[in-house]
Every structure is written in structure tokens, then in C-alpha cells.
Amino acid sequence: KVLDYFTSARLIGLTATPDPQITLPFFNNNRVVNYTLEKSIADGINVDARVFRIKTEATEDGGVIQEGTSYTEQSNYTGEKTQQVAKSPYEYKASALDRSVVNFEQIRIVMQAYKDAIYSELYPDREANYAYIPKTLIFAKSDAHATNIVKVLKEQIFPDQNENFIQKITYSAGDSNDLIRKFRNDRDFRIAVTVTLVATGTDVKPLEIL
């Protein structure tokens, strides 16, 4: 019916997630079919979500690098790192977090809150087994942010798990299709950190936490 409707069209767009600022205006808002999330849940196609909100002062209001604080400055172009000491207080907004400013303690707090909530808030009826937590997909802001999340998870939150327990699925991590297949099928692969590669059209049935 969609193709019949556009019999004389020279360009047809098919997408699951039409952007209201880009896609719809491009087609003069001529959207023929709209299948909503609510309808898909009612039809049994998708499942409803429970939201567990984690807030920190940094994610809500930004933060301050105090005068005298030692920090690492890294070039986005060369990757070269230099140690610096703040000569005056430096305030940063929440929008700068994990982009121009990396606060590893903020990442640790969020990831620890996530771990603490798994068997207390999210799945209190399950026996706590941190070697086989519910499969989790974490969306990062960038490849560098994903690397930092993996580092914190491996070193501070789940330090005693096997090497496949936490893995990154981004353009720099290798064969993304193979990694997605492993995330779908491998029992030991419990946490995947991605940016955009695991998105619309990816079916991982054991996945329970986003």
C-alpha cells in the first residue's frame, strides 16, 4: 500500500525512526504510516520499559576543577597527554561532561549505582549472581567515552570477572557484526558498551537492561 501510494514518486524513504527535524521536513511531513511504541507494546511486539533514574551533581549541574587540582590534558588530534595543575577554578557545564571534560569519578558513581540496583531495585526476585548479571547495553556519547566506561567497569565495578564479561562494540573495536553475534549468544559476555552500532534492527533477545 505504501508503494502504491507513491506510484509517481522518484524518492521514497523507509525508516523506523524518522527524525522530526530532518527526515519529516525533507518529505514535507508526508508520513503515510506511523506505528507507535505504545501500539507495538499493546500488540506484543515490544515490551514496556521501567526507568531507573541515576543522577549525579555533575550530570545535572556540571562541576568545578578546583584551583591546585592535578588533571590530565589530552590532545584530540595526537592523543598526547600532559599533566597540568589548575591555576584557577574551572567550571564546566553538564553538556561538557564526557566531551571536553572527563570525570572518572562521575562514571564510577553511575556504574556503581547501576550495579547496586540490579538485584535490589531492578530484579529483586532473582538470586544475586554478579558473574551472570542480566545482559546490559550501555550507550556512550563517543568512542572515547565508551573506552572510559569499559575501563571503569573492568577496574572498579566488576574487577574479578573474565575478560569477555565487558566489551566495547564501536568502530574501533573490530568486527562489529561478530561482536553483536557474541553478545547475543555468548553466556560470558554480559555488558556491551556502544555508541550507535547496536541500534535499530539489532535483535538480542537476552538483553534486559539498557
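Computed from a predicted structure; not experimentally measured.

### So, the pattern of salt bridges
Logical step 1: Under the criterion given, the structure shown has 10 salt bridges.
Logical step 2: As a salt-bridge pair, Asp43 and Lys39 come within 2.9 Å of each other at their nearest N and O atoms.
Logical step 3: A residue is classified by how much of its surface remains accessible, and Lys39, at 42% relative accessible area, is partly exposed.
Logical step 4: For Lys182, the salt bridge identified is with Asp178, shortest N-O distance 3.2 Å. Of this pair, Lys182 and Asp178 both sit in helix H7 (residues 176-185), 4 residues apart, roughly one helical turn.
Logical step 5: Several salt bridges converge on common partners, so that one network encompasses Asp178, Arg181 and Lys182.

### Things to note about the nonpolar core
Logical step 1: The biggest cluster of nonpolar side chains holds 24 residues, and the ones touching the most others in it are Met111, Ile133, Ile149, Leu153, Phe158, Ile191 and Val193.
Logical step 2: Elements with a contribution of two residues or more to this core: helix H5 (104-122), helix H6 (143-157) and strand E7 (191-194).
Logical step 3: The greatest single-element share of this core, amounting to 8 residues, is contributed by H5.
Logical step 4: What Ile149 contacts, discounting residues up to four positions off in sequence, is Ile107, Met111, Ile138, Ala140 and Val193.

### With respect to a nonpolar patch on the surface
Logical step 1: A contiguous nonpolar patch, built from Tyr5, Val32, Val33, Tyr35 and Ile45 and spanning about 540 Å² of accessible area, is present on the exposed surface.
Logical step 2: Looking at Val32, the relative accessible area reads 38%, which means it is partly exposed.

### Describing the pairing of strand E2 (residues 70-74)
Logical step 1: Direction of pairing for E2 relative to strand E3 (residues 81-85): antiparallel, over a ladder of 5 bridges. In the strand pairing of E3, Thr72 is matched with Gln83.
Logical step 2: The hairpin turn running from E2 into E3, its antiparallel successor, is 6 residues long, and Gly79 in that turn takes a positive phi close to 80 degrees.

### Description of the sheet that holds E7
Logical step 1: On the basis of which strands lie adjacent, the open sheet formed by 4 strands has the order E6-E7-E5-E8 and parallel pairing. The open sheet has two free edges, formed respectively by strand E6 (166-169) and strand E8 (207-209), since each of these has just one partner strand. Strand after strand, the sheet turns through a mean of 35 degrees between neighbouring axes, direction not considered.
Logical step 2: In this structure, strand E5 (residues 135-139) lies alongside E8, joined through 2 bridges in parallel fashion. Note on E8: the bridge partner recorded for Lys135 is Leu207.

### Describing H6
Logical step 1: Over its 15 residues, H6 runs 20 Å from end to end, which matches the ideal 21 Å to within 8%, given 1.5 Å per residue.
Logical step 2: When we look at burial in H6, the residues that qualify are Asp143, His145, Ala146, Asn148, Ile149, Val150, Val152, Leu153 and Ile157.
Logical step 3: Tucked inside the fold, the buried residues of H6 contact H5, E5, E6 and E7.

### Comments concerning the packing of aromatic side chains
Logical step 1: Tallied over the full model, the rule gives 5 aromatic pairs.
Logical step 2: Ring centres of Tyr5 and Phe6 lie 5.0 Å apart, and the angle between their planes is 80 degrees; on these two criteria the pair is classed as edge-to-face.
Logical step 3: Taking the centre distance of 5.2 Å and the plane angle of 50 degrees together, the rings of Phe158 and Phe165 count as tilted. An identical accessibility class is assigned to Phe158 and Phe165; each is buried.
Logical step 4: Stacked on the ring of Tyr130, the Lys or Arg Lys115 has its end atom at 5.1 Å from the ring centre.
Logical step 5: The ring of Tyr123 has Arg126 lying over it, and the distance from NZ or CZ to the ring centre is 4.0 Å.

Rules and cut-offs
- Residues numbered from 1 in each chain as written.
- Predicted model: local features only at pLDDT ≥ 70, side-chain atom pairs only at ≥ 80, totals over all residues.
- Heavy atoms only, no water.
- Salt bridge = Lys/Arg side-chain N within 4 Å of Asp/Glu carboxyl O.
- Buried < 20%, exposed > 50% of the residue type's maximum accessible area, 1.4 Å probe, protein only.
- Helix = DSSP H or I, 4+ residues; strand = E, 2+ residues; numbered from the N terminus.
- Core = buried A, V, L, I, M, F, W, Y, C linked by side-chain atoms within 4.5 Å.
- Contact = heavy atoms within 4.5 Å.
- Patch = residues over 30% accessible without salt bridge, like charges linked within 9 Å, V, L, I, M, F, W, Y side chains within 5 Å.
- Areas by Shrake-Rupley, 256 points an atom, 1.4 Å probe, with all protein chains shown as cover.
- Pairing = 2+ DSSP bridges.
- Axes fitted to C-alpha atoms, helices over the stretch in contact; angles between N-to-C directions.
- Expected span 1.5 Å × (residues − 1).
- Phe/Tyr/Trp six-rings, centres within 6.5 Å; stacked < 30°, edge-to-face > 60°.
- Lys NZ or Arg CZ within 6 Å of the ring centre and 35° of its normal.

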